Amino acid sequence: MRENPADSYFTNRPDCFKIRWMRLFSRYFPWETGERKSPPPVPVGRRGMSDEVRKAMKNKPLSNEFLSSLCMELSLLLHAGIGIADGVHLLLEEELDHDARTLLQAVADRLDENEALSSALEGTARFPAYLIGMVRVGEQSGRPEEALRALSRYYESRERLRQRIRAALLYPSVLLILMLVVVVVLLAKVLPVFNEVF
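Basis of the calculations
Residues numbered from 1 in each chain as written. Predicted model: local features only at pLDDT ≥ 70, side-chain atom pairs only at ≥ 80, totals over all residues. Heavy atoms only, no water. Axes fitted to C-alpha atoms, helices over the stretch in contact; angles between N-to-C directions. Helix = DSSP H or I, 4+ residues; strand = E, 2+ residues; numbered from the N terminus. Parallel < 35°, antiparallel > 145°, perpendicular 65-115°, else oblique. Left-handed = near helix turned anticlockwise from the far one by under 90°. Contact = heavy atoms within 4.5 Å. pLDDT = per-residue confidence, 0-100. Phe/Tyr/Trp six-rings, centres within 6.5 Å; stacked < 30°, edge-to-face > 60°. Buried < 20%, exposed > 50% of the residue type's maximum accessible area, 1.4 Å probe, protein only.

Between helix α4 (residues 64-79) and helix α5 (residues 84-94), the least distance of the axes is 9 Å, while the angle of their chain directions is 130°. Classed by the angle they form, the pair α4 and α5 counts as oblique. For the crossing formed where α4 meets α5, the hand is right-handed. Listed contacts from α5 to Leu70, Glu73, Leu74, Leu77 and Leu78 of α4 are Ile84, Gly87, Val88, Leu90 and Leu91.

Moving on to the confidence of the model for the chain. Averaged over the chain, the pLDDT score is 78; the fraction of residues at 70 or greater is 68%. The secondary-structure element of the chain with the lowest mean pLDDT is helix α3 (residues 51-56), recorded at 50, while helix α8 (residues 129-141) shows the highest, at 94. Across residues 29-50, confidence stays below pLDDT 50; counting only partners more than four residues off in sequence or on other chains, it has 41 contacts.

This brings us to the packing of aromatic side chains. Per the stated rule, a full pass over the model turns up two aromatic pairs. Ring plane angle 50° and centroid distance 4.8 Å describe the contact between Tyr130 and Tyr154, whose orientation is recorded as tilted. Residue Tyr130 is located in helix α8, and its partner Tyr154 is located in helix α9 (residues 144-197); the two are separated by 24 residues in the primary sequence. Residue Tyr154 is classed as partly exposed on the basis of its relative accessible area, which comes to 31%. Here the aromatic rings of Tyr154 and Tyr155 are separated by 4.9 Å at their centres, their planes lie at 70°, and the arrangement is edge-to-face. Assessed through its relative accessible area of 2%, Tyr155 is described here as buried. Each member of the aromatic cluster is reached from another via a ring pair, and the members are Tyr130, Tyr154 and Tyr155.

Let's shift gears to unusual backbone geometry. In this structure, Asn114 takes a positive phi of about 65° despite not being glycine. Relative to the elements of secondary structure, Asn114 occurs in the loop between α6 (98-112) and α7 (117-123). Classification of Asn114 by relative accessible area gives exposed; the value is 73%.

Turning next to the environment of Gly133. Following the sequence through the fold, Gly133 ends up in helix α8. On the basis of relative accessibility, which here comes to 28%, the residue Gly133 falls in the partly exposed class. Between the alpha carbons of Gly133 and Ser118 there is a distance of 7.4 Å; along the sequence they are 15 residues apart.

So, in structure tokens, the structure goes:
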């Protein structure tokens, strides 16, 4: 039996992830009824590149957490038999963060122009070259789902490594700050007392 990647993805995840996916698949599976309002579309300029994305190009790079989540969600949508363009539109409708919606809108518009996913990602000038190259390899080999899943694991491991390094550096940083405080107190309070005595 083929392993469902959603099983490992949802393991130890908060309930909000499961609720998000139930809402995403409600258009294809009848477990949710009622109409859902979509967020307002983002104004987009020529070739799917919005003015807001152009202004945001100088911002800090996309986080590992965002890249991992995006790749896994696209992989799960492909696994469910949903086309990549429809999948990006679904993620766009459920995305609440304005900057992320702006970026997804630019990708969705390029996909609507029949561009490949790798070209759509590259056109935004926000995604890492490694991610774009891996997606392109997956498209050329006919295995985009596996490529996206591998990218998700890669960026998830990078995020865990970053958090471990940050935690490892926290303790010596606190000690250094305490040592500086002690030195300042000695220089400002203790040494003047000795100067008065001697």
